[in-house]
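# Structural features, examined
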Amino acid sequence: SVLGTASSYKPHVPIYISGDSSFTSANGVTGGTGTTADPFIIEGWDIAAATAHGISIQSTNAYFIIRNVRVHSAVSATTESS
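Summarised in this report is the structure supplied together with it. (Residues numbered from 1 in each chain as written. Predicted model: local features only at pLDDT ≥ 70, side-chain atom pairs only at ≥ 80, totals over all residues. Heavy atoms only, no water.)

This brings us to the sheet that holds strand 7 (residues 64-67). Strand order in the open sheet made by the 3 strands is 3-4-7, with mixed pairing throughout. The open sheet has two edge strands, strand 3 (29-31) and strand 7, and neither has a second partner. Each neighbouring strand pair of the sheet contributes to a mean axis angle of 35°, computed without reference to strand direction. (Pairing = 2+ DSSP bridges. Helix = DSSP H or I, 4+ residues; strand = E, 2+ residues; numbered from the N terminus. Axes fitted to C-alpha atoms, helices over the stretch in contact; angles between N-to-C directions.)

This is the structure we're talking about:
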């Protein structure tokens, strides 16, 4: 399927990156080296973030792009009818 459609996103835990060395595949990085010409890429994830920020990046000088990511609360909404 095509990136950008709901069925194409892969589940991922909330992403927390603190410092350039935290740009790893375990932290959701799917490509890049962190330079201006080749920024780190974080994409294709479905992040359920009910108890944490979906993506948190701090204390870094690396270049990065976040695209085609769905961040949402893990709690589903319910509606009641009268």
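More follows now that the structure is in view.
All right, on to the pairing of strand 5 (residues 45-48) then. On any regular strand, side chains alternate: one points to one face of the sheet, the next to the other face. Here strand 1 (residues 10-12) pairs with strand 5 via 3 bridges, running parallel. Bridge pairing in strand 5 links P11 to D46. Across 3 bridges, the pairing between strand 5 and strand 8 (residues 70-72) is parallel. Each bridged residue has a counterpart across the sheet, and for I47 the counterpart in strand 8 is V71.

Glancing now at the environment of F40. The topology assignment puts F40 in strand 4 (residues 40-43). For F40, a relative accessible area of 10% corresponds to the buried category. Distance from F40 to V29, taken between C-alpha atoms, is 6.5 Å for residues 11 residues apart in sequence. Beyond its immediate chain neighbours, meaning those up to four positions away, F40 contacts F23, V29, G31, G32, T33, G34, A62, Y63, F64 and I65. (Buried < 20%, exposed > 50% of the residue type's maximum accessible area, 1.4 Å probe, protein only. Contact = heavy atoms within 4.5 Å.)

Once that is clear, we can look at unusual backbone geometry. Unlike most non-glycine residues, S59 shows phi in positive territory, near 55°. Along the chain, the position of S59 falls in the loop between strand 6 (55-58) and strand 7. According to the relative accessible area criterion, S59 is exposed, its value standing at 62%.

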